[in-house]
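# Examination of the molecular architecture
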Amino acid sequence: MKKEFGDMPTEDFRKYGYEVVDWIANYFEHIDEFPVLAKVDPNWLKDNLPQSAPEKGEDFGGVLADVDRLILPSVTHWNHPNFHGLFATSTSSVGVFGEMLAAAFDMKAMLWRTSPVSTELEDVVLDWLRQMMALPDHFEGIIYDTASVSTMHAIAAGRGRAGFHIRDEGMSGRDDLPLLRVYASEHVHSSIDKGLITLGLGLRSLRKIECNDRFEMLPERLTEAIEEDIENGFVPICVIPTVGTTSTSSVDPVDAIADICEKYGIWLHVDTAYAGSTAIVPEFRQFFKGWERADSIVVNPHKWLFTPFDLSVLFCKNLNDLKGAFSLVAEYLKTTDEPAVKNGMDYGVQLGRRFRALKLWFVIRYFGVEGMQARLREHCRLARLFASWVEESENWEMLAPVPFALVCFRACVSSPHVSKGSKQDEDKLNQINENIMNEINSSGDAYLSHTKLNGKFTLRLSVGSIRVEERHLHKVWELLNQQLAVQLGQK
Ligand code: PLP
């Protein structure tokens, strides 16, 4: 029975709570049966929902029934094992427990005093992660929501180190401010561009550096760009190599780039939002050579450590650089606890911060380091297996190396009547590959995404769902070949 005041009665909470957990368990158990991409037209959900809020509270059983009726059809199932688009990321069920409890505590981890547990568990669990990734012990981490936000904070700290008192004086109305430059490869994630927009540096400050044919930044081009900029009176403030770029998962040569940053005194921020998780697996550490020399590193456990979105970690060589950029303590937030404690609000834009460390703590404790390593190794094995099918087939070709678990490939037969490599052939291949992707995606059987590499429409298959098995890769391979036959008019 609903009460006039106060919360849902405990007996109702218990009853519906069990129902929700059952619902989630069934959802995970039958996740394969859903179409990966929601099969609804735009506005279907909006058209099926009342335009205004109910005047009187509703029975929660009815609300839950609407989850099946209205919410579920509009869900794109990121947890589906055949979600291979973008980067395949998914939650473990134990991660869901972390979210449930964090929601129950509902703490705002701004100050140590408002949330000792969140502050201290975050320190402990990030130090576990640091050790798992074999990063030196001077790195200290802080949790943000996304890599976009982590990187934006890192650039702000790099800008702070360069001087110019921008924190206090701002950037507008000043004629003493040269152009400040940030460097990244031409394959850098768009979050860097957006970070620069947000910080008022503007897109003009981003200089994109050419890559080799493996899509890796060329350090000699970086040096040339920096020297040219310095000659023109510009000031380099930050270089952002990526380990695991978004288009192809290519690996910029961090060690060589670290030499350059050291020489010119530039902040080095490593974006390894996607691939950073694999640093917990010893044989993948070769890809991270030199990252221990970085000023900051971003890695997203919400991408590939089975932790529900959102949880991004920014590791800093000296967290005080972030504090210098962002600490600002209003009167009503002053306590007598400093300097013995760390206050999360000092390290970024947000005041209140979610208790995100709990879910990562659950995930690491439940799977253990070995369990997580085994899963990452298996995903990389499956991606290499898929790549071997592509390599062995005459109808398909690889378009990028596979250092982790992303395969970039395309169908390479267009028509026997068109000469191979001609413009006509390339245009036709682009169309065929795009059609194949669209047909598979609209079938709901799997989800692939794409990129463009050297003008070629490139299919991207990412393996990363905690629920993926070899049979799911066989299924996509079959779908791809069926669709290719359709496109070539053979079916
Ligand atoms: N950096 C890289 C290399 C990425 O691949 C992505 C997303 O895929 C991001 C940054 C942005 O991640 P987020 O959604 O956490 O902001």
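The structure contained in this document is the topic of the report that follows. What you see is a predicted model; the values in this text were computed from it and never measured.

### Quick word on the overall build of the chain
Each helix and strand counted, the chain has 15 helices and 11 strands in total. A compact globule built from 491 residues should have a C-alpha radius of gyration of about 23 Å, and the chain, at 25 Å, falls within 12% of that. A burial count over the chain gives 51% of its 491 residues as buried. When contacts within the chain are restricted to residue pairs at least 6 apart in sequence, long-range pairs at least 24 apart make up 73% of them. Carbon and sulfur atoms form 52% of the exposed surface of the chain, whose accessible area is close to 23,200 Å².

### Things to note about the site of the ligand
Near the ligand you find 14 residues, and of these Ala147, Ser148, Thr246, Asp271 and Asn300 are the closest. Here an oxygen atom of the ligand sits 2.9 Å away from a polar atom, N or O, in the side chain of Thr246. Asn300 is positioned with one of its side-chain polar atoms (N or O) 2.9 Å from an oxygen atom of the ligand. Among the detected pockets, the ligand sits in the second largest pocket.

### Some points on the environment of Phe315
Relative to the helices and strands, Phe315 is located in strand S7 (residues 312–316). On the basis of relative accessibility, which here comes to 1%, the residue Phe315 falls in the buried class. Considering only alpha carbons, one finds Phe315 and Glu140, 175 residues apart in sequence, at a separation of 5.4 Å. Setting aside anything within four residues of it in sequence, one finds Phe315 in contact with Leu126, Leu129, Arg130, Met133, Leu135, Phe139, Glu140, Gly141, Asp295, Ser296, Ile297 and Val299.

### Some thoughts on helix H13 (residues 357–392)
Look at H13: only 44 Å from first C-alpha to last across 36 residues, short of the 52 Å you get at 1.5 Å a residue. At Gly368, H13 is bent by approximately 85°, the largest bend along its length.

### Description of the pattern of salt bridges
Inspection of the entire model under this criterion finds 35 salt bridges. The partner of Arg471 in a salt bridge is Asp32, with the nearest N and O atoms 3.5 Å apart. Here Asp32 lies in the loop between helix H1 (10–29) and helix H2 (44–48) and Arg471 lies in helix H15 (residues 470–487), a separation of 439 residues in the sequence. Looking at Arg471, the relative accessible area reads 48%, which means it is partly exposed. Among the residues examined, Asp32 registers a relative accessible area of 32% and is labelled partly exposed. In this structure, the salt-bridge partner of Arg354 is Asp310, at a minimum N-O distance of 2.8 Å. Linking Arg354 in the loop between helix H12 (319–326) and H13 with Asp310 in the loop between helix H11 (301–304) and S7, this pair joins segments that are 44 residues apart in sequence. In this structure Arg354 comes out as partly exposed when scored by relative accessible area, which is 35%. Where salt bridges share partners, they join Glu99, Asp310, Arg354, Arg356 and Lys359 into one cluster.

Thresholds applied
- Residues numbered from 1 in each chain as written.
- Predicted model: local features only at pLDDT ≥ 70, side-chain atom pairs only at ≥ 80, totals over all residues.
- Heavy atoms only, no water.
- Helix = DSSP H or I, 4+ residues; strand = E, 2+ residues; numbered from the N terminus.
- Rg over C-alpha atoms; globule rule 2.2 N^0.38 Å.
- Buried < 20%, exposed > 50% of the residue type's maximum accessible area, 1.4 Å probe, protein only.
- Contact = heavy atoms within 4.5 Å.
- Areas by Shrake-Rupley, 256 points an atom, 1.4 Å probe, with all protein chains shown as cover.
- Near = heavy atom within 4 Å.
- Polar contact = N/O pair within 3.5 Å; in protein donor to acceptor, adjacent residues only side chain to side chain.
- 1 Å grid on protein atoms, 1.4 Å probe; cavity = no way out; pocket = protein on both sides within 12 Å on 5 of 7 lines; lining within 4 Å.
- Sits in = over half its atoms within 2 Å of the grid points.
- Expected span 1.5 Å × (residues − 1).
- Bend = angle between axes of the 7 residues up to and from the residue.
- Salt bridge = Lys/Arg side-chain N within 4 Å of Asp/Glu carboxyl O.

Taken by themselves, the reported measurements are silent on function.
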